[in-house]
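Commentary on secondary and tertiary structure
What follows is the residue order along each chain.
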Amino acid sequence: MKEGSTDAPIRHPLDWRSPEFYDEVKLDEELRRVFDICHGCRRCFNLCDSFPRLFDLVDAAPSEELDTVSSADFGPIVDACTLCDMCFMTKCPYVPPHEFNLDFPHLMLRYRAVEAKKNGFPFVPGQLGQTDRNGKLAAPVAALANWGSSSSNKLTRPVLEKIAGIDARAELPKFYGKTFIMRARAQDKNGEATPKDAPARGRKAAIFATCFINYNNPQVGEAARKVLAHNGVETRVAYPGCCGMPFLEQGNLEKVAEQAEKVSRDMCELIDQGYDIVTLTASCGLMFKFEWPLILPDNPHVEKLSKATYDIDEYVVDIAKKEGLADGLQPVEGGVTAHMACHARAQNMGPKSAEMMRYIPGMKVDVVERCSGHGGTFGVMKETFDVAMKVGKIAAKNVAKTDNKYVTSDCPLAAKHLVQEIDVMGEKTPPQMQHPIEIMARAWRLID
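So, how was this worked out
- Residues numbered from 1 in each chain as written.
- Predicted model: local features only at pLDDT ≥ 70, side-chain atom pairs only at ≥ 80, totals over all residues.
- Heavy atoms only, no water.
- Axes fitted to C-alpha atoms, helices over the stretch in contact; angles between N-to-C directions.
- Helix = DSSP H or I, 4+ residues; strand = E, 2+ residues; numbered from the N terminus.
- Parallel < 35°, antiparallel > 145°, perpendicular 65-115°, else oblique.
- Contact = heavy atoms within 4.5 Å.
- Buried < 20%, exposed > 50% of the residue type's maximum accessible area, 1.4 Å probe, protein only.
- Pairing = 2+ DSSP bridges.
- Patch = residues over 30% accessible without salt bridge, like charges linked within 9 Å, V, L, I, M, F, W, Y side chains within 5 Å.
- Areas by Shrake-Rupley, 256 points an atom, 1.4 Å probe, with all protein chains shown as cover.
- Salt bridge = Lys/Arg side-chain N within 4 Å of Asp/Glu carboxyl O.
- Lys, Arg positive; Asp, Glu negative; His and termini not counted.
- Charge placed at Lys NZ, Arg CZ, Asp CG, Glu CD.
- Arc of directions from axis to C-beta.
- Core = buried A, V, L, I, M, F, W, Y, C linked by side-chain atoms within 4.5 Å.

**Let's talk about the packing of helix H20 (residues 385-401) against helix H21 (residues 412-425)**
Two numbers describe how H20 lies on H21: the axes approach to 8 Å, and their chain directions differ by 85°. The angle between H20 and H21 falls in the class roughly perpendicular. Of the residues in H21, those touching H20 at Phe385, Ala388, Met389, Gly392, Lys393, Ala395, Ala396, Lys397, Val399 and Ala400 are His417, Leu418, Gln420, Glu421, Ile422, Val424 and Met425.

In structure tokens:
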């Protein structure tokens, strides 16, 4: 037996349709097996709050071993997991193909699925997970929605905290009346997305809008289309629906599978027309490439989509290496700190956003590879907001140290969270949030 594996990690499909997956006795046996190995290793002590909670629980037990820990106390360990995958990808020496066969995040996912089958899914996270419904409802009244959700609104936010459990201090994303889909139609009409005579002419990319970019940050989508067109790429925007990451966080595997079947079927029609698939947020890229194939391993559309998908940074770097980028890149004043989002790191493709921005001549690019602590709803709920702030504190301090004008992340919510952390510290003026593709658009002077 190897003490620790040096082989590349592999993941097994989730057998979530098997009755054994939901067997509480078998789940408890697996939790104890894995927790006992983690307790003996403790390499993950500084990743998130799940592991300190586990180790403190064991250390406080009468025997200081897992045999005298009650299974009823496992809940808080699971609650602290954001499914960032960093323990699996960067720390654990016992992931497959090691014979210990540890996959801590997917074990936490299984626990949530079992709890939901027994008690139902939590109401508020379930409602927040309805991103398409929420976005469609908020868009026509965006100004009112943004007024009500502003952290500076001392009238509505305490009420929202009391009723919905959303921490009154948490910065929430804004909504826009004109979604990315609407703006894409205008870009097409005005010829803004027409490919130029540039190195990558002949490429075709279908941009998956993502729920967040479509409803909460459409400028990122506009910038992506301009950058790709400037480099000769023909683009079109597609959005059959959310990737299901908000449901995955809750253990709602049936809903994730439903989204995967629907979205992959529609996106494969574009692949058949010669389009590459490009996602604008790291979480969607992770779902398309890795999580969906583990949930629906026999679905041909899911498999096909996983092989045709690029993150936007990854796609621009691919153009740079194969065809070369269009001329005219100029430094963006003030420098940029590239935060490596956990869901980008979990894709094991390298720091693509930093690699992409380093093609800008003379550009100061610093990299921060620590978790922001946000983790979807984890970063906004009353019961977890303080933990999210604690987890993200080191990353925020490292961002602040760089003294750059901009901070980027392939997870826009992570960037927002880091800026709030720096603002709360009060030591320095927080940097401006940008998506990495917006920095590239600025460098080509395609946006102000």
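**Thoughts on the pairing of strand S1 (residues 204-208)**
Taken across its five residues, S1 has four buried, putting it largely inside the fold. For S1 and strand S2 (residues 234-238), the ladder comprises five bridges, and the chain directions are parallel. Looking at the pairing, Ala206 lines up with Arg236 of S2. Here four bridges tie S1 to strand S3 (residues 276-279), and the two strands are oriented parallel to one another. Paired with Ile207 across the strands is Val278, a residue of S3.

**Looking at the sheet that holds strand S4 (residues 309-311)**
The four strands lie next to each other as S2-S1-S3-S4, forming an open sheet whose pairing is parallel. At either end of the open sheet lies a strand with only one pairing partner, and these are S2 and S4. Each neighbouring strand pair of the sheet contributes to a mean axis angle of 30°, computed without reference to strand direction. Of the strand pairs in this sheet, S3 and S4 are connected by three bridges, and their pairing is parallel. From the neighbouring strand, Thr279 faces S4, where its bridge partner is Asp311. On the sheet, helix H16 (residues 300-308) packs against S3 and S4 and is oriented at approximately 40° with respect to S4.

**A few points about a negative patch on the surface**
A cluster of acidic side chains, namely Asp36, Glu64, Glu65 and Asp67, defines a negative patch on the protein surface. Relative to the helices and strands, Asp36 resides in helix H1 (residues 24-41). By relative accessible area, Asp36 is classed as partly exposed at 38%.

**Describing helix H8 (residues 142-149)**
Since there are 3.6 residues in each turn of an α-helix, residues three or four apart along the chain are aligned in direction. Residues Ala142, Asn146, Gly148 and Ser149 constitute the buried set of H8. Buried residues of H8, seen end-on, are gathered within an arc of 165° and therefore sit on one face of the element. Looking at H8, the residues exposed on the side facing more than 90 degrees away from the buried face are Ala143 and Leu144. In this structure, the buried side of H8 is in contact with helix H7 (131-138) and helix H9 (157-164).

**A closer look at the pattern of salt bridges**
A full pass over the atoms with the stated rule returns 29 salt bridges. For Glu303, the salt bridge identified is with Lys307, shortest N-O distance 3.2 Å. Of the two residues, Glu303 and Lys307 both sit in helix H16, four residues apart, roughly one turn of that helix. We classify Glu303 as partly exposed; its relative accessible area is 41%. Judged by its relative accessible area of 66%, Lys307 falls in the exposed class. A network of salt bridges, in which partner residues are shared, links Glu161, Asp167, Arg169, Lys382 and Asp386.

**Some remarks on helix H10 (residues 180-190)**
Here H10 has its buried residues at Phe180, Arg183, Ala184 and Gln187. Viewed end-on, H10 has its buried residues packed into an arc of 105°, placing them on one side of the element. More than 90 degrees from the buried face of H10, the exposed residues found are Arg185 and Lys189. Buried-residue contacts for H10 involve S1, helix H11 (211-216), helix H12 (218-230) and S2. Taken from the residues just after H10, Gly191 is the one with a positive phi, measuring 75°.

**Some remarks on the environment of Arg157**
Looking at the secondary structure, you find Arg157 in helix H9. Sequence separation between Arg157 and Ala170 is 13 residues; the distance between their C-alpha atoms is 9.5 Å.

**Thoughts on the sheet that holds strand S7 (residues 406-409)**
Strands sit in the order S6-S5-S7-S8 across an open sheet of four strands; the sheet is parallel. Because the sheet does not close on itself, it has two edges, and the strands there are strand S6 (365-368) and strand S8 (432-434). Across the sheet, the axes of successive neighbouring strands diverge by a mean angle of 30°, strand direction being ignored. Pairing of S7 with S8, which is carried by three bridges, proceeds in the parallel orientation. Bridging from a neighbouring strand, Val407 pairs with Met433 of S8. Helix-sheet contacts for H21 involve strand S5 (336-339), S7 and S8, and the interaxial angle to S7 is about 145°. On the sheet, helix H22 (residues 436-443) packs against S5, S7 and S8 and is oriented at approximately 130° with respect to S7.

**Concerning the nonpolar core**
One finds Phe35, Trp292, Ile437 and Met440 to be the most contacted residues of the largest nonpolar core, which totals 121 residues. Sort the elements by how many residues they give to this core and helix H14 (residues 253-272) lands first, with nine residues. Grouped together as the second largest cluster of nonpolar side chains are nine residues, Val368, Ala396, Ala400 and Leu418 included.

Don't take any of this as a statement about function, it's just geometry.
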